[in-house]
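# Architecture at a glance
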Amino acid sequence: DQQVKQNSPSLSVQEGRISILNCDYTNSMFDYFLWYKKYPAEGPTFLISISSIKDKNEDGRFTVFLNKSAKHLSLHIVPSQPGDSAVYFCAATRGWNNDMRFGAGTRLTVKP
Amino acid sequence: DTGVSQNPRHKITKRGQNVTFRCDPISEHNRLYWYRQTLGQGPEFLTYFQNEAQLEKSRLLSDRFSAERPKGSFSTLEIQRTEQGDSAMYLCASSLAYLEQYFGPGTRLTVT
């Protein structure tokens, strides 16, 4: 069963603009959420995380927002850069670092 | 390079053969995870170890799959009597407990 869903397989934005990647989940027991970035021929790289006790976490150009009532989170990248072009995976877990459930990914393309 | 390494990077095998993959985690990491990723999907959790103890196995891990982590260092994932449905990218990740997982580049398995 798909407990974590990323409904947009791809997103294209202009350099300097905001990129918004969305993720929905169904399991209310999830209490940690993570975003990973993946370049071709490499494994996923951790980007940012958020605990369910927060609704926002920021790290430089990356901000994750969590809406628990809607079971929805989003990743904002501002400003977007061409080097951000990659596949972004949303993941969720019960208890930090137990098995993670991943979404199918969104391919972000940032055009110069 | 002190990241997670996986060998081989690519493996082509005939249906019915056995294959074994190796993962070398970051040296101080006590947790090691195996995931499987198929085209267009996110990684799916298979199993994880804390030191040498295998603490959790997904129902995806059929009897043909076995994983070991002798002495709590490197790990091996063996698939017996491979089937075409086993074709996928097999990802290994490691972490210190309660911190983010670091992924290796993966082993791509093709079963012909």
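Each remark here, short or long, concerns the structure printed above.
Just so it is clear, the model here is predicted, and its values are computed rather than measured.

A word on the overall build of chain B. A tally of regular secondary structure across chain B gives 0 helices and 11 strands. Along chain B, from the amino end to the carboxyl end, the secondary structure elements read β-β-β-β-β-β-β-β-β-β-β. Against the 2.2 N^0.38 benchmark of 13 Å for 112 residues, chain B shows a C-alpha radius of gyration of 13 Å, consistent with a compact globule. Overall, chain B is about 40 × 25 × 25 Å in size when its C-alpha atoms are taken along their principal axes. When burial is assessed residue by residue, chain B has 47% of its 112 residues classed as buried. Partitioning the contacts of chain B with sequence separation of at least 6, the portion at a separation of at least 24 is 52%. Carbon and sulfur atoms provide 45% of the accessible area of chain B, an area that totals close to 5,800 Å².

Looking now at the sheet that holds strand 1 (residues 5–7) of chain B. All names here are of chain B. The 4 strands are arranged 1-3-8-7 in an open sheet whose pairing can be described as antiparallel. The strands lining the two open edges of the sheet, one partner per strand, are strand 1 and strand 7 (65–68). On average, each strand axis in the sheet is inclined to that of its neighbour by 15 degrees, with strand direction left out of account. Of the strand pairs in this sheet, strand 7 and strand 8 (residues 75–79) are connected by 4 bridges, and their pairing is antiparallel.

Across the boundary between the two partners, chain A contributes 18 residues, which contact 24 residues of chain B. Approximately 1,600 Å² of surface area, both sides summed, lies buried where chain A meets chain B, with 50% of it carried by carbon and sulfur atoms. Taken together, chain A and chain B are joined by 0 salt bridges. Summed over the shared surface of chain A and chain B, the number is 3 residue pairs in polar contact (both at pLDDT 80 or more).

Let us now look at the environment of A86 of chain A. All names here are of chain A. Turning to its location among the elements, A86 is positioned in strand 9 (residues 86–93). For the pair A86 and T109, spaced 23 residues apart in sequence, the C-alpha to C-alpha distance is 6.9 Å. Once residues lying within four places of it in the same chain are set aside, the contact partners of A86 are K37, K38, Y39, T106, R107 and L108.

Calculation criteria
- Residues numbered from 1 in each chain as written.
- Chains lettered and ligands numbered in written order.
- Predicted model: local features only at pLDDT ≥ 70, side-chain atom pairs only at ≥ 80, totals over all residues.
- Heavy atoms only, no water.
- Helix = DSSP H or I, 4+ residues; strand = E, 2+ residues; numbered from the N terminus.
- Rg over C-alpha atoms; globule rule 2.2 N^0.38 Å.
- Buried < 20%, exposed > 50% of the residue type's maximum accessible area, 1.4 Å probe, protein only.
- Contact = heavy atoms within 4.5 Å.
- Areas by Shrake-Rupley, 256 points an atom, 1.4 Å probe, with all protein chains shown as cover.
- Pairing = 2+ DSSP bridges.
- Axes fitted to C-alpha atoms, helices over the stretch in contact; angles between N-to-C directions.
- Buried area = accessible area lost by both parts, 1.4 Å probe.
- Salt bridge = Lys/Arg side-chain N within 4 Å of Asp/Glu carboxyl O.
- Polar contact = N/O pair within 3.5 Å; in protein donor to acceptor, adjacent residues only side chain to side chain.

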